[in-house]
Amino acid sequence: MSTYLFPPNFLWGAATSAYQIEGSPLADGAGPSIWHTFAHLPGKIANGDHGDIACDHYRRFLDDIALMRDLGIRAYRFSISWSRVLPQGTGKPNSAGLDFYNRLVDALVANNIDPSATLYHWDLPQALEDRGGWANPESIHWFTEYAQLMYGQLDDRIKMWATFNEPWVAFNEGYVEGRHAPGRRDWKEAAMVSKNLLLAHAAGVAAYRAVGKHRVGLVVNLVPIYPATESAADRAAANRFDAYLNRQFLDPVLLGEIPSELPEMFADAWTTWSADELRTVHQPVDFIGINYYLRLVMCDDAAAGPARARIVNPPNRPRTATDWEIYPPGLRETLQWVSERYGNPPVYITENGAAFDDVLPPNGSVNDTPRVEYLKSHLIAAHEAIASGVDLRGYFVWSLLDNFEWQSGYAKRFGIVYVDFPSQRRVVKDSARFYADVIRTAGAALGSNRD
Ligand code: FCB
């Protein structure tokens, strides 16, 4: 028997994103983002929800930081709202917006919590969308200007930056499926967006190398894809979807290659890459952030989207409130896959967590045993990955707070802290207490393995 002890410098964190928690999207001179626009379109978000108030974190951030300190959380991954600091997306900065992030970062540092900033968590300034958004190659320059502004403001205190959160989701949900802002379904445009996001990431990294003193990386969502049967057709379908989701962004960045499946999949919409562009995208990053939630089992289906692969839900598997299959071994496998395919880069689990239908009792903490079990099993999987040689440096739970879960609005609760939205009261859930114990004991609270 040995306990699940994590390395001494392992970073224990919690994650959020700007539009999901801040509220006050237009306060103090901020400009609207595409999410502000999208959420206010009728019928886009469950229950007509939007981020106008969200967790009111814009005004309550000091309390939220105190909460993290009390739980012993050592690192906080947040994102910066681009249109709060640059209301027009480029040009004149909004000093009140910059002040907000400066005060946030100061308060984190004062409480011994490492700030980790993501520049883009899906909320493009609407002013830039009006100029063509990510489909416009100018977006690469817009992003660079924004990144330089923020590095200049905060790099003295921020040791870990991410350019983009989940570019695949921004591309697929925003431009292929249209479920996220800006809500388009245009394959040709999507192909341009995919490429521009990669080039913007690279430009953001290059800009960091010129002025930054710490580390910069990219955050991707990874989903292990399993074939529904052992048939050649299903295996090929699973492989296509793997290229589409998992390798589309990582292969260019970490290998300087485009997955060979993609040109065929994009067909007429495919945008060719010059050797120079590939070289630009393939430049060293200091870490990869991995967001892991679920696995997918897929079968061949000629009618099912660009990858011609359809999801088959295996029966009798445990699922969360978002109907995602709970599959902890997939986290270990994903971490090992990244390590093997890409030469064991430093990685962080930048998001992991689950939505369940939590109930607020009249008093006391929220009893969320399913989330405790989810976190426990995934932390054990992370520990197994480290034991097998993966260079895993930290774990950020998604999320600190219940928040605006994109098209699901406030109906899906991912927090380890419950937010009673009408009163904005925060109530610690059992999962937060459990996570605090894990942090305090460097993993020993997870128990022991059997060998
Ligand atoms: C991820 C997003 C995050 C949150 C979780 C549940 O894809 O990065 O903002 O919505 O899913």
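Provided above is the structure to which this section pertains.
If you're wondering where the values come from, they're calculated on a predicted model, not measured in any experiment.

Engineer: Just to check I follow, could you spell out the sheet that holds strand E7 (residues 225-227) for this structure?
Structural biologist: Within a sheet, each strand pairs with its neighbour through backbone hydrogen bonds, oriented either parallel or antiparallel. Here 3 strands make up an open sheet; going across it, the order is E7-E9-E10 and the pairing mixed. The sheet is open, and its two borders are formed by E7 and strand E10 (309-311), each paired with just one other strand. The mean angle between the axes of side-by-side strands here comes to 45°, regardless of whether they run parallel or antiparallel. Sheet topology note: the strand E9 (residues 296-300)/E10 ladder contains 3 bridges and is antiparallel. Residue Met298 lies in a different strand from E10, and its bridge partner there is Ile311. Where helix H10 (residues 232-255) meets the sheet, it contacts E7, E9 and E10, and its direction lies at approximately 125° from that of E9.

Engineer: Would you mind showing me how to read the site of the ligand here?
Structural biologist: Taken together, Gln20, His121, Trp122, Asn165, Glu166, Tyr293, Glu351, Trp398, Glu405, Trp406 and Phe414 make up the full set of residues near the ligand. The side chain of Gln20 places a nitrogen or oxygen atom 2.7 Å from an oxygen atom of the ligand. Interatomic distance of 2.7 Å between a side-chain N/O atom of Glu405 and an oxygen atom of the ligand. Summarising the interface, the protein chains cover 94% of the accessible area of the ligand, which totals 290 Å² for the free molecule.

Engineer: In this structure, what is going on with the pairing of strand E4 (residues 114-120)? I would like to understand it.
Structural biologist: In regular strands, side chains alternate between the two faces of the sheet. Most of E4 is tucked away: 6 of the 7 residues are buried. In terms of strand pairing, strand E3 (residues 75-79) meets E4 through 5 bridges, oriented parallel. Looking at the pairing, Phe78 lines up with Ala117 of E4. In the sheet, E4 pairs with strand E5 (residues 160-165) via 4 bridges, with the strands oriented parallel. From the neighbouring strand, Thr118 faces E5, where its bridge partner is Ala162.

Rules behind the numbers
- Residues numbered from 1 in each chain as written.
- Predicted model: local features only at pLDDT ≥ 70, side-chain atom pairs only at ≥ 80, totals over all residues.
- Heavy atoms only, no water.
- Pairing = 2+ DSSP bridges.
- Helix = DSSP H or I, 4+ residues; strand = E, 2+ residues; numbered from the N terminus.
- Axes fitted to C-alpha atoms, helices over the stretch in contact; angles between N-to-C directions.
- Contact = heavy atoms within 4.5 Å.
- Near = heavy atom within 4 Å.
- Polar contact = N/O pair within 3.5 Å; in protein donor to acceptor, adjacent residues only side chain to side chain.
- Areas by Shrake-Rupley, 256 points an atom, 1.4 Å probe, with all protein chains shown as cover.
- Buried < 20%, exposed > 50% of the residue type's maximum accessible area, 1.4 Å probe, protein only.

Bear in mind that shape data such as this cannot, by itself, settle questions of function.
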